[in-house]
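Residue-level structure breakdown
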Amino acid sequence: AVVSTQSTGDVDHQIAKLMVQLSKSQDEEIGDGTTGVVVLAGALLEQAEILLERGIHPIRVADGYENAARIAVEHLDTIADTYIVDKDNKEPLVKTAMTTLGSKIVNRCGRKFAEMAVDSILSV
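Thresholds applied
Residues numbered from 1 in each chain as written. Predicted model: local features only at pLDDT ≥ 70, side-chain atom pairs only at ≥ 80, totals over all residues. Heavy atoms only, no water. Axes fitted to C-alpha atoms, helices over the stretch in contact; angles between N-to-C directions. Helix = DSSP H or I, 4+ residues; strand = E, 2+ residues; numbered from the N terminus. Parallel < 35°, antiparallel > 145°, perpendicular 65-115°, else oblique. Left-handed = near helix turned anticlockwise from the far one by under 90°. Contact = heavy atoms within 4.5 Å. Nonpolar A, V, L, I, M, F, W, Y, C, P; charged D, E, K, R; others polar. Salt bridge = Lys/Arg side-chain N within 4 Å of Asp/Glu carboxyl O. Buried < 20%, exposed > 50% of the residue type's maximum accessible area, 1.4 Å probe, protein only. Polar contact = N/O pair within 3.5 Å; in protein donor to acceptor, adjacent residues only side chain to side chain.

Next up on the list: the packing of helix α4 (residues 91-100) against helix α5 (residues 110-123). Where α4 meets α5, the closest approach of the two axes is 8 Å, and the angle between their N-to-C directions is 120 degrees. Classified by the interaxial angle, the pair formed by α4 and α5 is oblique. In terms of crossing hand, the pair formed by α4 and α5 is right-handed. Residues E91, L93, V94, A97 and M98 of α4 form the contact with α5, whose participating residues are G110, R111, A114, E115, V118 and L122. Taken together, the residues of the contact of α4 with α5 break down into seven nonpolar, one polar and three charged.

Given below as structure tokens:
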């Protein structure tokens with residue numbers, strides 16, 4: 001079933017309502033990534049359903065997801081790169097900003113927005 005993010009009033013299914021709210025929240029907070037966040041949440045719910053059908057208590061499923069998130073963050077910390085910030089060499093910062101700003105909103109003017117972001121941060 002396709003769920004529109006236009007209005008939650010027309011959606012009867014509670015999980016579908018939650019997905020719509022999740023998408024709206026992502027759009028309001030970030031302005032992008034609504035499809036990805038709904039697909040990820042759907043995949044997590046699908047796997048949770050399998051575990052629930054096996055008789056695993058919902059609290060244990062939730063605890064498992066929390067542990068998985070903690071392990072994922074710990075792993076990201078171990079593989080993260082560290083960059084030395086050099087005001088005289090902004091290019092690495094601009095490239096990083098372009099990656100993080102690489103969304104449908106700023107796609108056409110990505111470099112300009114990235115340079116503006118870097119200049120703003122370095123001026124503080």
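Turning our attention to the environment of E115. Mapped onto the elements of the fold, E115 is located in helix α5. Considering only alpha carbons, one finds E115 and K95, 20 residues apart in sequence, at a separation of 9.0 Å.

So, on to the packing of helix α2 (residues 34-53) against helix α3 (residues 58-79). One can describe the packing of α2 onto α3 by two numbers: an axis separation of 10 Å at closest approach and a directional angle of 140 degrees. As the angle between them shows, α2 and α3 are arranged oblique. The element α2 and its partner α3 pack so that their crossing is right-handed. Across from L44, Q47, A48, L51 and L52 in α2, the residues of α3 making contact are P58, V61 and Y65. Here the contact of α2 with α3 is composed, by residue class, of seven nonpolar, one polar and no charged.

This next bit is on the pattern of salt bridges. Under the defined criterion, the tally for this structure stands at four salt bridges. A salt bridge links E74 to R70, with the shortest nitrogen-to-oxygen separation between them at 3.2 Å. Taken together, the residues span about one helical turn, with E74 and R70 both in helix α3 at a distance of four residues. Looking at E74, the relative accessible area reads 41%, which means it is partly exposed. With its nearest N and O atoms 2.7 Å apart, the salt bridge here joins K90 to D119. Pair noted here: K90 is in the loop between α3 and α4 and D119 is in helix α5, with a separation of 29 residues, a long-range link. Looking at K90, the relative accessible area reads 36%, which means it is partly exposed. The structure contains a network of salt bridges with shared partners spanning E91, R111 and E115.

To continue, consider the environment of H57. For H57, the position within the fold is in the loop between α2 and α3. At a separation of 3.0 Å, a polar atom in the side chain of H57 contacts the main-chain amide nitrogen of I59.

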